[in-house]
Amino acid sequence: GQSCDIFCRPPYVGAAGSASCPDGNVYADTSLELSLPACVCPDPPNPPAGYVKVDGRWECAEGYSGYVSLFCSDGDVCLSEPRLSG
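The sections below set out a description of the structure shown in this document. Along each chain, numbering runs from 1 in the same order as the chain's sequence is written. Where totals are concerned, whole chains, interfaces and linings use all residues; where local detail is concerned, this predicted model gives features only for residues with pLDDT of at least 70, and gives and counts side-chain atom pairs only at 80 or more. Hydrogen atoms and water are omitted, and side-chain values are computed over all heavy atoms in the structure.

Description of the state of the cysteines
As a reminder of what qualifies: Pairs of cysteine sulfur atoms within 2.5 Å are what we label disulfides. Secondary structure elements follow DSSP: runs of H or I no shorter than four residues count as helices, runs of E no shorter than two count as strands, and numbering proceeds from the N terminus. Buried residues are those whose accessible area, probed at 1.4 Å on protein chains only, stays under 20% of the maximum for their type, while exposed residues exceed 50% and partly exposed ones sit between those limits.
Considering all chains together, one arrives at two disulfides under this definition. Across the disulfide from Cys8 sits Cys39; the S-S distance is 2.2 Å. For the disulfide bridge between Cys8 and Cys39, the dihedral angle about the S-S bond is near -100°, and by the sign convention the bridge is left-handed. Taken as a pair, Cys8 in the loop between β1 (3–6) and β2 (13–15) and Cys39 in strand β5 (residues 38–40) lie far apart in primary sequence, 31 residues in all. Using a relative accessible area of 12% as the deciding quantity, one classes Cys8 as buried. On the accessibility criterion, Cys39 (34% relative accessible area) is partly exposed. Taken in sequence order, the bonded cysteines of the chain link in the pattern 1-2, 3-4. Not part of a disulfide, Cys21 finds its nearest cysteine sulfur in Cys4, a span of 8.3 Å. Cys21 sits in the partly exposed class, given a relative accessible area of 34%.

So, in C-alpha cells, the structure goes:
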C-alpha cells in the first residue's frame, strides 16, 4: 500500500500524521489506516501589548483585565497567524 503524510494546517503546528492503504488492498471500500497529526495553536509571533505569558499560560498584563484566549481559527476558517483576545 501507499502512504502519505498529513500536516497541520497553518497556523497550527505539530507532529505530522499519516494515511496509508493496507498492503495488497484491491477493494475500494476498505478504510485508510489513519494516524492524525498532533496539532496545537502556537503563540503569536508578536504578542500585542497588554498580554504576558506566565507559567505557560497567557494572562492580561499589569494594568489590563479580562480573560485571555488564544485563537488559530475563526469557526472553520484558519487565521493567517495565532491571535490573542480578551
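Considering the sheet that holds β1
So the rule is basically this: By definition, two strands form a pair when at least two bridges between them are found by DSSP. The convention used is that axes are lines fitted to C-alpha atoms, helices contributing only their stretch in contact, and that angles between N-to-C directions extend from 0 to 180 degrees.
One open sheet holds the three strands; their spatial order is β1-β3-β4, and the pairing between them is antiparallel. Each end of this open sheet is capped by a strand with a single partner; those strands are β1 and β4 (33–35). Averaged over neighbouring strand pairs, the angle between their axes works out to 15° when direction is ignored. Sheet topology places β1 next to strand β3 (residues 17–20); four bridges connect them, and they run antiparallel. Paired with Asp5 across the strands is Ser18, a residue of β3.

Shape is all these values report; function is a separate question.
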